[in-house]
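Here is what each chain is made of, one letter per residue.
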Amino acid sequence: MTAEAPKPAQAFGVPVPYEATLEELRARLDLPGPPAWAACLALGCKPGPEALDLLARLAKHTEWSLRNLAVQGLGTHPLGAQAAELIVAALADPVQLIVRTACDAAGRLRLAAARPRLTALLASPEPQVRFHAVRALGEVWTPEDHAAVWTLSRKDKAEFVRKEAERTLRRTAAEQTWRRLCDRWKLDAAPRLRVAACELLGEFAQSGDLPELRRLVRDRNAHVRKAAEAAAARHRFF
């Protein structure tokens, strides 16, 4: 299901013409720079197949800025999933900004067809691409993705990528994976990861995890203690 599209009042220094007709938006696309860019954003919020078709044509434009905004528009369009093939193709665009935009579009639309390319992009030399890819992968997740994202969370050179991988692992934690995450994070120096471990215990803990919760309730960090207490209360362990 497509998330609600963001609708900024202005973009690129001009108002975004959401109320314009399709023909008016089509005419704006022939103008240079900001007016055309803002029209692309408006098309992404205009329902109906005609707007989708126009965005689909723009997604193949030779001008990279229009191509980028068209992919963004496809990601917010109510019928955007029908253009899955174009969005997946954009994941291999030579312009890295478009690749990042396509990652976001694939994640927003939860395009399962994008998963192989998103997984491959975890090895991109560009940290921003890895960041957007791992975030999108969490929306089309399968259990097979856990190992690659786990490795990213431990070994990526960019801290912001490691953190996004951790968030993805947390969001996708399941019966098969939560224990591994918890065992690692409960001992981490970062309080945010010890908090995440407590949250996992709150969701999945068994009675045998009571000693661990008792230890975390005495953690030196107040946020960790509070999360551990909430987890224990959820299971009525204490």
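Residues numbered from 1 in each chain as written. Predicted model: local features only at pLDDT ≥ 70, side-chain atom pairs only at ≥ 80, totals over all residues. Heavy atoms only, no water.

(A) Just the side chain of arginine 67, in detail. Mapping arginine 67 onto the fold places it in helix 4 (residues 64-76). Classification of arginine 67 as buried rests on a relative accessible area of 12%. In this structure the side chain of arginine 67 is engaged in a polar contact, spanning 2.9 Å, whose partner is the backbone oxygen of histidine 61. Leaving out residues up to four positions away in the same chain, arginine 67 has contacts with Leu58, Ala59, Lys60, His61, Thr62, Asp93, Val95 and Ile98. (Helix = DSSP H or I, 4+ residues; strand = E, 2+ residues; numbered from the N terminus. Buried < 20%, exposed > 50% of the residue type's maximum accessible area, 1.4 Å probe, protein only. Polar contact = N/O pair within 3.5 Å; in protein donor to acceptor, adjacent residues only side chain to side chain. Contact = heavy atoms within 4.5 Å.)

(B) A look at the state of the cysteines. One pass over the full model with this rule turns up 0 disulfides. This cysteine, cysteine 40, is not joined by any disulfide, and cysteine 45 carries the nearest cysteine sulfur, 12 Å off. Judged by its relative accessible area of 0%, cysteine 40 falls in the buried class. The thiol of cysteine 103 is not disulfide-bonded; the next cysteine sulfur, from cysteine 40, is found 19 Å away. Classification of cysteine 103 by relative accessible area gives buried; the value is 0%. (Disulfide = S-S within 2.5 Å.)

(C) Spotlight on the packing of aromatic side chains. Under the criterion given, the structure shown has 3 aromatic pairs. Centroid distance phenylalanine 12 to tryptophan 37: 5.3 Å. Interplanar angle 70 degrees. Geometry classified as edge-to-face. Taken together, the residues span a long stretch of sequence, with phenylalanine 12 in the loop between strand 1 (10-11) and strand 2 (14-15) and tryptophan 37 in helix 2 (residues 34-43) at a distance of 25 residues. Assessed through its relative accessible area of 40%, phenylalanine 12 is described here as partly exposed. On the basis of an interplanar angle of 45 degrees and a centroid distance of 5.7 Å, the ring pair of phenylalanine 131 and phenylalanine 160 is categorised as tilted. Here phenylalanine 131, found in helix 8 (residues 127-137), pairs with phenylalanine 160, found in helix 10 (residues 159-171); they are 29 residues apart in sequence, far enough to count as distant. (Phe/Tyr/Trp six-rings, centres within 6.5 Å; stacked < 30°, edge-to-face > 60°.)

(D) Up close: the packing of helix 2 against helix 4. Packing of helix 2 against helix 4 leaves a shortest axis separation of 8 Å and a crossing angle of 20 degrees. With respect to each other, helix 2 and helix 4 are oriented roughly parallel. Taken as a pair, helix 2 and helix 4 cross one another with a handedness that is right-handed. In this structure, helix 2 contributes Ala36, Trp37, Cys40 and Leu41 to the contact, and helix 4 contributes Ser65, Leu66, Leu69, Ala70, Gln72 and Gly73. A per-class count over the contact of helix 2 with helix 4 returns 7 nonpolar, 3 polar and no charged. (Axes fitted to C-alpha atoms, helices over the stretch in contact; angles between N-to-C directions. Parallel < 35°, antiparallel > 145°, perpendicular 65-115°, else oblique. Left-handed = near helix turned anticlockwise from the far one by under 90°. Nonpolar A, V, L, I, M, F, W, Y, C, P; charged D, E, K, R; others polar.)

(E) Spotlight on helix 2. For helix 2, a buried count of 7 out of 10 residues is recorded, marking the element as mostly surrounded by other parts of the structure. Residues Ala36, Ala38, Ala39, Cys40, Leu41, Ala42 and Leu43 constitute the buried set of helix 2. Here the buried face of helix 2 lies against strand 1, strand 2, helix 1 (22-28), helix 3 (49-58) and helix 4.

(F) Examining the pattern of salt bridges more closely. This model, assessed by the stated rule, comprises 17 salt bridges. Salt-bridge contacts for aspartate 156 lead to arginine 130; the nearest nitrogen and oxygen are separated by 2.6 Å. One end of the pair, aspartate 156, is in the loop between helix 9 (146-155) and helix 10; the other, arginine 130, is in helix 8, with 26 residues separating them in the sequence. Arginine 130 matches aspartate 156 in its accessibility class, with the two residues each being buried. Its salt-bridge partner being arginine 167, residue glutamate 164 comes within 2.7 Å of it at the nearest N-O pair. Of this pair, glutamate 164 and arginine 167 both sit in helix 10, 3 residues apart, roughly one helical turn. (Salt bridge = Lys/Arg side-chain N within 4 Å of Asp/Glu carboxyl O.)

(G) Structural view of the nonpolar core. Ranked by internal contacts, the top residues of the largest apolar core, which has 79 residues, are Leu43, Leu118, Trp185 and Leu200. Not counting residues within four places of it along the chain, the set of residues in contact with leucine 200 comprises Arg170, Ala173, Trp178, Leu181, Cys182, Trp185 and Ala205. (Core = buried A, V, L, I, M, F, W, Y, C linked by side-chain atoms within 4.5 Å.)

(H) A look at helix 6 (residues 96-109). The first and last C-alpha atoms of helix 6 sit 20 Å apart over 14 residues, in line with the 20 Å expected at 1.5 Å per residue. Burial in helix 6 covers these residues: Ile98, Val99, Thr101, Ala102, Cys103, Ala105, Ala106, Gly107 and Leu109. Phi turns positive one or two residues past the end of helix 6, at arginine 110, with a value near 55 degrees. (Expected span 1.5 Å × (residues − 1).)

(I) The side chain of serine 153, seen in detail. Relative to the helices and strands, serine 153 resides in helix 9. Judged by relative accessible area, serine 153 falls into the buried class, the value being 3%.

Read these as layout, nothing more, since geometry by itself doesn't imply function.
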